[in-house]
Amino acid sequence: MSIEEIIIHKVRILPPDKQQEALDFVEFLLAKMQKQELSAQEIKSGVSALTLAQEYVGCVETASDLSPNKNYMNGYGS
């Protein structure tokens, strides 16, 4: 008897509410597997956040110095 057949046999014995729990768990495992596959694909593709956001770089105009208090950083890094 294969694992699939054992699972089907055991699920048939369960009451409907427990069968729903089993289905929910299987769907959770599938979603987890898909998420891991997507993460692996992103890592393999070597796509950086900058590459993904490239079209938005420089699209916002603002003041050259965003700090309202220029003395705030005095003493840091010296």
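Residues numbered from 1 in each chain as written. Predicted model: local features only at pLDDT ≥ 70, side-chain atom pairs only at ≥ 80, totals over all residues. Heavy atoms only, no water.

### A word on the overall build of the chain
Right, on to step 1. When helices and strands are tallied, the chain shows 3 helices and 0 strands.
Right, on to step 2. Approximately 7,700 Å² of the chain is accessible, and the part contributed by carbon and sulfur atoms is 60%. (Helix = DSSP H or I, 4+ residues; strand = E, 2+ residues; numbered from the N terminus. Areas by Shrake-Rupley, 256 points an atom, 1.4 Å probe, with all protein chains shown as cover.)

### Regarding the pattern of salt bridges
Right, on to step 1. Counting across every chain of the model gives 1 salt bridge.
Right, on to step 2. Between E21 and K18 there is a salt bridge whose closest N-O contact spans 3.3 Å. With a gap of 3 residues between them, E21 and K18 both fall in helix α2 (residues 16-45), about one helical turn apart.
Right, on to step 3. According to the relative accessible area criterion, E21 is partly exposed, its value standing at 45%.
Right, on to step 4. Accessibility expressed as a relative area gives 36% for K18, which makes it partly exposed. (Salt bridge = Lys/Arg side-chain N within 4 Å of Asp/Glu carboxyl O. Buried < 20%, exposed > 50% of the residue type's maximum accessible area, 1.4 Å probe, protein only.)

### Notes on a nonpolar patch on the surface
Right, on to step 1. Residues F25, F28 and L29 make up a contiguous nonpolar surface patch of roughly 310 Å² in combined accessible area.
Right, on to step 2. Within the secondary structure layout, F25 lies in helix α2.
Right, on to step 3. When its relative accessible area of 48% is taken as the criterion, F25 is described as partly exposed. (Patch = residues over 30% accessible without salt bridge, like charges linked within 9 Å, V, L, I, M, F, W, Y side chains within 5 Å.)

### What about the confidence of the model for the chain?
Right, on to step 1. Per-residue confidence for the chain gives a mean pLDDT of 83, with 87% of residues at or over 70.
Right, on to step 2. Here helix α3 (residues 49-52) stands out as the least confident element of the chain, with mean pLDDT 76; helix α1 (residues 3-13) is the most confident, with 96. (pLDDT = per-residue confidence, 0-100.)

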